[in-house]
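# Secondary and tertiary structure notes
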Amino acid sequence: VGKDEQEELIIIFIKHSSLLFEYKGKVLYVDPVMEFADFKKMPKADYILITHDHYDHYDSLAVEALKKETTKIISNKLVVENFKEGIALKYGESIYFTEKINVMAVPAYNTSQEKMHFHPKNRDNGYVLNFDGTIKQGWPFIFAGISDYMPAIGDINSDKYGEIILLTYKNS
């Protein structure tokens, strides 16, 4: 994605819900887990987003392997409290990592009766990631971890955010 090499956005799907984004020299991971890759051999993280505290989304070994002194970790309140690190974002809250990279927490939960206990409403975070400026003008992505279609995703519309790319994970 991008108009030229300096604006190139690289997205690498690792496995399950682990992703790597590279943009303008910054490295951002979502849900890094050692079971899926040897993160000791991967680029150090500027930013790490954790959707929730399940073992296949938050892995302290992967986080430690990726961290450097300046790494910022973003998650929900439960992960930050349990693991005593990071910045907790509530739904609708956002943070700018740089002038060109920002993230906003959005709901991520199961709506089907048989799965609601895995990912209940009002606990886990999804994220709107934006590269290259404001939400409306940049490249916004929604990553909602392991969740079902939620009415809340419908509230994240193009009038407010511009064209959005939805990254989904299908749990088979």
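Residues numbered from 1 in each chain as written. Predicted model: local features only at pLDDT ≥ 70, side-chain atom pairs only at ≥ 80, totals over all residues. Heavy atoms only, no water.

## Structural notes on the pattern of salt bridges
Scanning the entire structure with this criterion turns up five salt bridges. Of the charged contacts in the structure, one is a salt bridge between Glu85 and Lys67, with a shortest N-O distance of 3.1 Å. In this pair, Glu85 is assigned in the loop between α2 (77-83) and β6 (87-88) and Lys67 in the loop between α1 (60-66) and β5 (72-75), connecting sequence segments 18 residues apart. For Lys67, a relative accessible area of 27% puts it in the partly exposed group. One salt-bridge network, held together by shared partners, links Glu64, Lys67 and Glu85. (Salt bridge = Lys/Arg side-chain N within 4 Å of Asp/Glu carboxyl O. Helix = DSSP H or I, 4+ residues; strand = E, 2+ residues; numbered from the N terminus. Buried < 20%, exposed > 50% of the residue type's maximum accessible area, 1.4 Å probe, protein only.)

## Remarks on the confidence of the model for the protein chain
Across the protein chain, the average pLDDT comes to 76, with 63% of residues at or above 70. Ignoring residues within four places in sequence, the model shows residues 157-172, a span with pLDDT below 50, making 29 contacts including any to other chains. (pLDDT = per-residue confidence, 0-100. Contact = heavy atoms within 4.5 Å.)

## Notes on the sheet that holds strand β1 (residues 9-15)
Reading across from one edge, β1-β2-β3-β4-β5-β6 is the order of the six strands in this open sheet, with mixed pairing throughout. The open sheet has two edge strands, β1 and β6, and neither has a second partner. (Pairing = 2+ DSSP bridges.)

## A closer look at the packing of aromatic side chains
A full pass over the atoms with the stated rule returns five aromatic pairs. When the ring of Tyr23 is compared with that of Phe131, the centres are 5.6 Å apart and the planes differ by 70 degrees; the resulting orientation is edge-to-face. Note that Tyr23 is positioned in strand β2 (residues 18-23) and Phe131 in strand β9 (residues 124-131), a separation of 108 residues in sequence. The exposure class of Phe131 is buried, given its relative accessible area of 1%. Ring centres of Tyr29 and Phe39 lie 5.7 Å apart, and the angle between their planes is 80 degrees; on these two criteria the pair is classed as edge-to-face. Here Tyr29 is found in strand β3 (residues 26-30), whereas its partner Phe39 is found in the loop between β3 and β4 (47-49), with 10 residues between them in sequence. There is no split in this pair, since Tyr29 and Phe39 are both buried. (Phe/Tyr/Trp six-rings, centres within 6.5 Å; stacked < 30°, edge-to-face > 60°.)

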